[in-house]
Amino acid sequence: MPRYEYRCRSCGDTFELSRPMAESSDPAACPSGHDDTVKLLSTVAVGGSAKGGAPAPAAGGGGGGCCGGGCCG
């Protein structure tokens, strides 16, 4: 079950709740009992390493862009 992070506007505490995705935007009371909370945007960090020794492409290394390099100068 996904975990969502919330912040209480009354006391400033940040807390997490495990709940189904369908309930992620439902109201959540903070552990101190306040009801004025807001769901925070979360970022996901994905790590790992490439197999086979291929280096990652260099930033600004030509090509790619918004549509394979066709519209970017």
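Computed from a prediction, not measured in an experiment: that's the story for all the values here. (Residues numbered from 1 in each chain as written. Predicted model: local features only at pLDDT ≥ 70, side-chain atom pairs only at ≥ 80, totals over all residues. Heavy atoms only, no water.)

Peer 1: Provide a residue-level description of the nonpolar core, including the pertinent values.
Peer 2: Membership of the largest hydrophobic core is limited to 6 residues, which are Y4, Y6, C8, F15, A28 and C30. If one sorts the elements of this core by residue count, strand β1 (residues 3-8) sits on top with 3 residues. With residues near it in sequence (within four places) discarded, Y6 still touches D13, T14, F15, L17, R19, E23, S24, A28, V38, K39 and L40. (Core = buried A, V, L, I, M, F, W, Y, C linked by side-chain atoms within 4.5 Å. Buried < 20%, exposed > 50% of the residue type's maximum accessible area, 1.4 Å probe, protein only. Helix = DSSP H or I, 4+ residues; strand = E, 2+ residues; numbered from the N terminus. Contact = heavy atoms within 4.5 Å.)

Peer 1: So, the pairing of strand β2 (residues 14-18): which residues are in play, and what are the values?
Peer 2: One face of the sheet, then the other: side chains in a regular strand alternate in exactly this way. The pairing of β1 with β2 spans 5 bridges and is antiparallel. Bridge pairing in β2 links R7 to T14. (Pairing = 2+ DSSP bridges.)

Peer 1: Any details on the pattern of salt bridges? Residues and values, ideally.
Peer 2: According to the stated counting rule, one finds 2 salt bridges in the structure shown. For the salt bridge of E16 with R3, the shortest nitrogen-to-oxygen distance reads 2.9 Å. Taken as a pair, E16 in strand β2 and R3 in strand β1 lie far apart in primary sequence, 13 residues in all. Judged by its relative accessible area of 44%, E16 is partly exposed. For R9, the salt bridge identified is with D36, shortest N-O distance 3.5 Å. (Salt bridge = Lys/Arg side-chain N within 4 Å of Asp/Glu carboxyl O.)

Peer 1: Describe the packing of aromatic side chains, listing the residues and the values that go with them.
Peer 2: Per the counting criterion, the structure on display carries 1 aromatic pair. When the ring of Y6 is compared with that of F15, the centres are 5.7 Å apart and the planes differ by 20 degrees; the resulting orientation is stacked. (Phe/Tyr/Trp six-rings, centres within 6.5 Å; stacked < 30°, edge-to-face > 60°.)

Peer 1: Tell me about the pairing of β1, residues and numbers included.
Peer 2: Burial along β1 is one-sided: Y4, Y6 and C8 are buried, and none of R3, E5 and R7, which face the opposite way, are. Counted along the chain from β1 to the antiparallel partner β2, the turn is 5 residues long, and its residue G12 has a positive phi close to 85 degrees. Judged from the 3 bridges that link them, β1 and strand β3 (residues 37-39) form a sheet pairing that is antiparallel. The residue of β3 that forms the bridge with C8 is T37.

Peer 1: Just give me the short version of the sheet that holds β3, but keep the residues and values in it.
Peer 2: Spatial strand order, β2-β1-β3: 3 strands in an open sheet with antiparallel pairing. Each edge of the open sheet is held by one strand with a lone partner, namely β2 and β3. Each strand axis lies, on average, 35 degrees off the axis of its neighbour in the sheet, ignoring direction. (Axes fitted to C-alpha atoms, helices over the stretch in contact; angles between N-to-C directions.)

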